[in-house]
Amino acid sequence: MSDFVFRAMELHDSTQIWNLDEIRRRLDFCVKNKMNALVFHEPGIEDKIVFPAKFLGGSGEPESYYDAFLEVDHAILNHALRENLNLNRRDYMNHVIREAKEAGVEIYFENKELWFSDFILKYKKELMKDGVICPSDPFWYREFLPYKYKELFLALPDLAGIVCSIGTGEARLAISNTFACGCERCRELDPVDWYKNMIMAMYQPFHDAGRKLIIRDFIYTKEEQERFREAFNTMPDDIILSLKNTPHDFYPTFPDNPLMGHVDDHPQITEYDVNGQFFGWGAQPSAMLADIKRRLAYASEHGVTGFIARTDWEGVQDWTCFDNPNLVNLYAIAAYAENAEISEEDIYLKWLEGEDMLEEGLLPGELKKCIEKIRELMDETWPIVEKTNFVNGCLFSNDSCMHLTPDQFTFIGGTHHSLSEWDPQKKDALDMTPENVQRILADKDEALLRCEKLADRVSTSSMGLRQEAYEDLREHFEFMRWYVRGFRLTARGYCFGRYAAEVDKDAILAEDKSAGELLGQTIKEMEEYREGLLKNDFILKYPYDAQLNPERVKFYTDALKRMAADAGLKGGRC
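Note that this is a predicted model, so its numbers are computed, not measured.

Asker: Before we move on, can you summarise the sheet that holds strand β1 (residues 6–11) with the specific residues and values?
Answerer: Strand pairing in a sheet is mediated by backbone hydrogen bonds. Such pairs are either parallel or antiparallel. Pairing in this closed barrel of eight strands is parallel, and the strands run β1-β2-β3-β6-β7-β8-β9-β10 around the ring. Strand-to-strand twist across the sheet, computed as the mean angle between neighbouring axes with direction ignored, equals 25 degrees. The sheet contacts of helix α12 (residues 327–338) involve β1, β9 (268–273) and β10 (304–310), and relative to β10 the element is tilted by about 170 degrees.

Asker: Lay out the packing of helix α15 (residues 381–389) against helix α17 (residues 434–460) with the relevant residues and their values.
Answerer: Interhelical geometry of α15 versus α17 gives an angle of 145 degrees and a closest axis separation of 8 Å. Considering how the two elements wind past one another, α15 and α17 form a crossing that is left-handed. The residues of α17 that touch α15, namely those facing Thr381, Pro383, Ile384, Lys387, Thr388 and Asn389, are Asp443, Lys444, Glu446, Ala447, Arg450, Cys451 and Leu454.

Asker: How would you summarise the side chain of Glu46 if you had to cite specific residues and measurements?
Answerer: Within the secondary structure layout, Glu46 lies in the loop between β2 (37–41) and α3 (65–71). Here Glu46 falls in the buried class, since its relative accessible area comes to 0%. At a separation of 2.7 Å, a polar atom in the side chain of Glu46 contacts the side chain of Lys148. Apart from the residues lying within four places of it in its own chain, the contact partners of Glu46 are Phe109, Asn111, Glu113, Trp115, Lys148, Tyr149 and Leu152.

Asker: Outline the packing of α15 against helix α18 (residues 467–504), supporting the account with residue identities and numerical values.
Answerer: Closest axis-to-axis distance for the α15/α18 pair is 9 Å, and the angle between their directions is 30 degrees. Regarding the angle of α15 to α18, the classification is roughly parallel. Every pair of crossing elements has a handedness; the one defined by α15 and α18 is left-handed. Packed against α15, whose contacting residues are Thr381, Ile384, Val385, Thr388 and Asn389, the element α18 presents Phe477, Met480, Tyr483, Val484 and Phe487 at the interface.

Asker: Any chance you could break down the packing of aromatic side chains for me, citing the residues and the numbers?
Answerer: Evaluation of the coordinates by the stated rule reveals 35 aromatic pairs. When the centroid spacing of 5.4 Å and the interplanar angle of 90 degrees are considered together, the rings of Phe6 and Tyr108 count as edge-to-face. With Phe6 in strand β1 and Tyr108 in strand β3 (residues 106–113), the pair connects residues that are 102 residues apart, well separated along the chain. Of the two residues, Phe6 and Tyr108, neither departs from the other in class, the shared state being buried. Both rings, one in Phe479 and one in Tyr544, keep their centres 4.6 Å apart while their planes meet at 40 degrees; by these two values the pair is tilted. Of this pair, Phe479 sits in helix α18 while Tyr544 sits in helix α20 (residues 544–547), placing them 65 residues apart in sequence. Just as Phe479 is buried, Tyr544 falls in that class too. Taken together through their ring pairs, the aromatic side chains of Phe396, Phe409, Phe479, Tyr483, Phe487, Tyr494, Phe538 and Tyr544 make up a single cluster. The aromatic ring of Phe250 is capped on one face by Lys244, whose charged end is 4.8 Å from the ring centroid.

About the criteria used
Residues numbered from 1 in each chain as written. Predicted model: local features only at pLDDT ≥ 70, side-chain atom pairs only at ≥ 80, totals over all residues. Heavy atoms only, no water. Pairing = 2+ DSSP bridges. Helix = DSSP H or I, 4+ residues; strand = E, 2+ residues; numbered from the N terminus. Axes fitted to C-alpha atoms, helices over the stretch in contact; angles between N-to-C directions. Contact = heavy atoms within 4.5 Å. Left-handed = near helix turned anticlockwise from the far one by under 90°. Buried < 20%, exposed > 50% of the residue type's maximum accessible area, 1.4 Å probe, protein only. Polar contact = N/O pair within 3.5 Å; in protein donor to acceptor, adjacent residues only side chain to side chain. Parallel < 35°, antiparallel > 145°, perpendicular 65-115°, else oblique. Phe/Tyr/Trp six-rings, centres within 6.5 Å; stacked < 30°, edge-to-face > 60°. Lys NZ or Arg CZ within 6 Å of the ring centre and 35° of its normal.

Pasting the structure below:
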């Protein structure tokens, strides 16, 4: 897979981006593993550098970054701390870019548009229509975006480029926003034309500065993806497309992204989440080597020439794959991009040696056995995680945390992160038929049985690892044991609660018991589970206490009690 000429590591947690020691750790990994780019993903990151002065009282034609700063209205300069700090953040970022360049690594920003300072609204009051900001106003593409990026490249002349999500609901403003403007222009505007206007507005300053413009397909539905493809294929061929390896978001159970290979002559790169926003954050290990290898092969076959490996997530602070066993996934994607035929044993050895995890003085035979044992253990993790964090392929977590209520899963797994949108055969994945309930219960039981056996194996021997490395790994697998137990219980509560409410609370459903009896039993087991959690040392450590937050467990249990009460079952209460 030597066709992967762009090999990037993404930092999505802003606490990592603005930490020079952390950046140096990432650069060290890049140099040792032949990666050549860092991507700093923070919505609005460019607004920590630019003002933009033209819309805060400036001329729009500054000769330097400092000229742009001094053109900003004095009321802002003298009293707006955030804008004054832009100068310092710009100095930091130019230093990072310089160190990275010396290491052979380019720096990219990743952002979402439209994004802007609230000061803009002071100078462009006409953007507000009935209390809502208008996304279709020509100001955004005729003036704002072209100048904003002109000023950015004036501030950071060696920034390699931008990876940008256009039109996502996570932006401050987009034509697709839930609470979008209702003016006549917005109502009549074809979203395809909006995408075109915004992308082309960004393109010109990038083209003039010789920088790379990379557009992402952060898209929720097939219909939206088709509109995006239609717009994108009219764009200049030097605009690069970045595609998540799966449609919508990083769900390993979803099919390959169908847009891949269907964007005419545009260069393509693919994105892969190695840390696992949706499969455990590495708090519970999940080695994805086989999936990474297959996804990269598919991407290569469809004309992709680069990848971005996401190493953390903005929703979890100060926790990255460098802090947990999922770091092996980063080693894997770098290795497979260089050599598709590298063995899993060689990748595990890269990880063990690179992170100084091996006991000193191992004989060759002992080293071989150590690598084999680690591979066997880690390769068993994803099949367990798949049956824990997913239900019939549908996402069964709130970003790897427990749900707050059963209804939340119905929305997240069935609607918001819908698998059936991309795989119609999964349209009945959450149906409460006896057969489907039995299938869901069996998957959760199997995950627990396999996890208990795996955690027991890890606890019996250090396998040739240094004691500190072994204790850290053992703690992750002990946490995994409790994680799988908890998700099994929430899944059982979900099935029994829905079945009792929607089908028949008195029907024998499983284990020779009725849905109502099983719901009552699960409520009791969840209360006992919470008590057990509180006795574990790991529940006081971050991010374990976030994923298995006892407060969440109680809240979910109370939701089950309300379902029981609504179904007329004894013991139901809030």
